[in-house]
Each structure stands twice: as structure tokens, then as C-alpha cells.
Amino acid sequence: MLSKEIEKALNSQITIEAESSQVYLAMASWAETQGFEGVAAFMYAHSDEERMHMLKLVKFVNERGGHAKIATLKAPPISFGSFKEMFQTLFDHEVMVSASINELVHISLQERDYATHNFLQWYVAEQIEEEALARTILDKINLIGDDKGGLYLFDNDVKLLTVTSSVDPNA
Ligand code: OFO
């Protein structure tokens, strides 16, 4: 059984994952309108992943006798300035998510909820991958700057970058 404190913290994380999915969906849509299909495909896939992160939490909370609450979400931005700015936003967002997961881990230990602590280890590992991936992309785009040819190649490159961390929420 989940303590009220853990249930509340997990519910906040559900909202964060749902909002992440929306932010990446907005990035996908914006990139698509700019003609960057590779970046758009990457962001659509990333958005799906975040929804999966959210669902995994929803199922866990309900399985443990809590109630996963589906809340109103903040609207994401409509446009993102430049690709450089967009990937910086993505990186900063993932750093924020990692901090939030770390806080959850901390609360689970305080509450001596070892089942939740164990469950959260998947997210801890996932955040290491996600931050690394975001950092790699950001490094690339910082090298390219505003060079049109470079951006064209970058778009192709990103198309090939598969998000390696897809996991079935029921797994
Ligand atoms: Fe990209 O963050 Fe979910 O966990």
C-alpha cells in the first residue's frame, strides 16, 4: 500500500511525464512545419516514450492501492526559435525530470517504501540515457550553428538516432 505522501509525489510525476510528452509533441509539430522530417520523427517518438513513462506510473500507482489522477496539463510552447534553442530546451527539460525522479527516490527511502524505490530504479537508469542522448544531440547542433547544409545533414542523422530505451509499459 502506498503512503499518502508517496501517492502524491508519484501523481506529480505522472503530470510531469504527461507534460513532457506534450512538449515533445509540440516540438515534433514545429519541426515538421519547418521541413525537418528527421527531427520531427525523433520528437514524435520521444513524445510516445514519455507517454509510456506516464502509463507505467499510472499502472504502478493503481496496482499498489493508490489512485493515479489524470490532471490538467500546462500548454507547451507553439514554436521554439531555432533548433539549437529547441534542443537546449529538451536538455534542460530532461535535467529537470532527473531532479524530480531523484527527489522521488529520496521520498521513497524516507518512507521506507522499498517497492517504490525498486520501481523507480528503471526511471533512474532511463534518465541517464535520456540526458546523454540530449547532450550528444546538443553538442552536434552547437557545432553546426546556423549552417544550412549542416542542418540538412543533421536532420538526416537524427532520423537514424533510434531512441534505445523503448520499453513496454506492461513489462
Ligand atoms: Fe524524458 O523523462 Fe520521462 O522519465
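Residues numbered from 1 in each chain as written. Predicted model: local features only at pLDDT ≥ 70, side-chain atom pairs only at ≥ 80, totals over all residues. Heavy atoms only, no water.

(A) Main features of the overall build of the chain. Each helix and strand in the chain was counted, giving five helices and zero strands. In sequence order, the chain lays out its α and β elements as α-α-α-α-α. The C-alpha atoms of the chain give 17 Å as radius of gyration, which agrees with the globular expectation for 171 residues (16 Å, within 12%). Counting only residues that meet the buried cut, the chain has 47% of its 171 residues in that class. A fraction of 82% describes how many contacts in the chain between residues 6 or more apart in sequence connect residues 24 or more apart. Carbon together with sulfur atoms contributes 56% to the accessible area of the chain, which is approximately 9000 Å² in total. Positive and negative side-chain charges in the chain, numbering 14 and 26 respectively, have mean positions lying 5 Å apart. (Helix = DSSP H or I, 4+ residues; strand = E, 2+ residues; numbered from the N terminus. Rg over C-alpha atoms; globule rule 2.2 N^0.38 Å. Buried < 20%, exposed > 50% of the residue type's maximum accessible area, 1.4 Å probe, protein only. Contact = heavy atoms within 4.5 Å. Areas by Shrake-Rupley, 256 points an atom, 1.4 Å probe, with all protein chains shown as cover. Lys, Arg positive; Asp, Glu negative; His and termini not counted. Charge placed at Lys NZ, Arg CZ, Asp CG, Glu CD.)

(B) Broad picture of helix H5 (residues 148–160). For H5, spanning 13 residues, the distance from its first C-alpha to its last is 19 Å, which sits close to the expected 18 Å at 1.5 Å a residue. Taken as a whole, H5 has its buried residues at Gly-150, Leu-151, Phe-154, Asp-155 and Val-158. Take H5 and look down its axis: the buried residues cluster within an arc of 145°, on one side only. Structural note: H5 exposes Tyr-152, Leu-153 and Leu-160 on the side pointing more than 90 degrees away from its buried face. For H5, the elements touching its buried residues are helix H2 (37–63), helix H3 (83–110) and helix H4 (114–144). (Expected span 1.5 Å × (residues − 1). Arc of directions from axis to C-beta.)

(C) Seen up close, the packing of H3 against H4. Direction vectors running N to C along H3 and H4 enclose 160°, while the axes themselves pass 9 Å from each other. Judged by the inter-axis angle, H3 sits roughly antiparallel to H4. Here the hand of the crossing between H3 and H4 comes out left-handed. Within the contact of H3 with H4, the residues separate by chemical class into 18 nonpolar, seven polar and five charged. (Axes fitted to C-alpha atoms, helices over the stretch in contact; angles between N-to-C directions. Parallel < 35°, antiparallel > 145°, perpendicular 65-115°, else oblique. Left-handed = near helix turned anticlockwise from the far one by under 90°. Nonpolar A, V, L, I, M, F, W, Y, C, P; charged D, E, K, R; others polar.)

(D) Region of interest: the packing of H2 against H5. Packing of H2 against H5 leaves a shortest axis separation of 7 Å and a crossing angle of 30°. It follows from the interaxial angle that H2 and H5 lie roughly parallel. In this structure, H2 crosses over H5, and the sense of that crossing is left-handed. Along its contact with H2, which presents Glu-37, Gly-38, Val-39 and Phe-42, the element H5 presents Phe-154, Asp-155, Val-158 and Lys-159.

(E) Region of interest: the nonpolar core. Counting residues in each nonpolar core, the largest one holds 26 residues, and the members touching the most others are Met-27, Val-39, Met-43, Phe-83, Met-86 and Phe-87. If you tally residues by element for this core, the top one is helix H1 (residues 4–33), at seven residues. If we skip the residues at most four places from it in the chain, Met-86 touches Met-27, Trp-30, Val-39, Met-43 and Phe-80. With 21 residues, the next largest nonpolar core counts Val-58, Ala-68, Val-97 and Ile-107 among its residues. (Core = buried A, V, L, I, M, F, W, Y, C linked by side-chain atoms within 4.5 Å.)

Interpretation in functional terms is not warranted from these geometric data alone.
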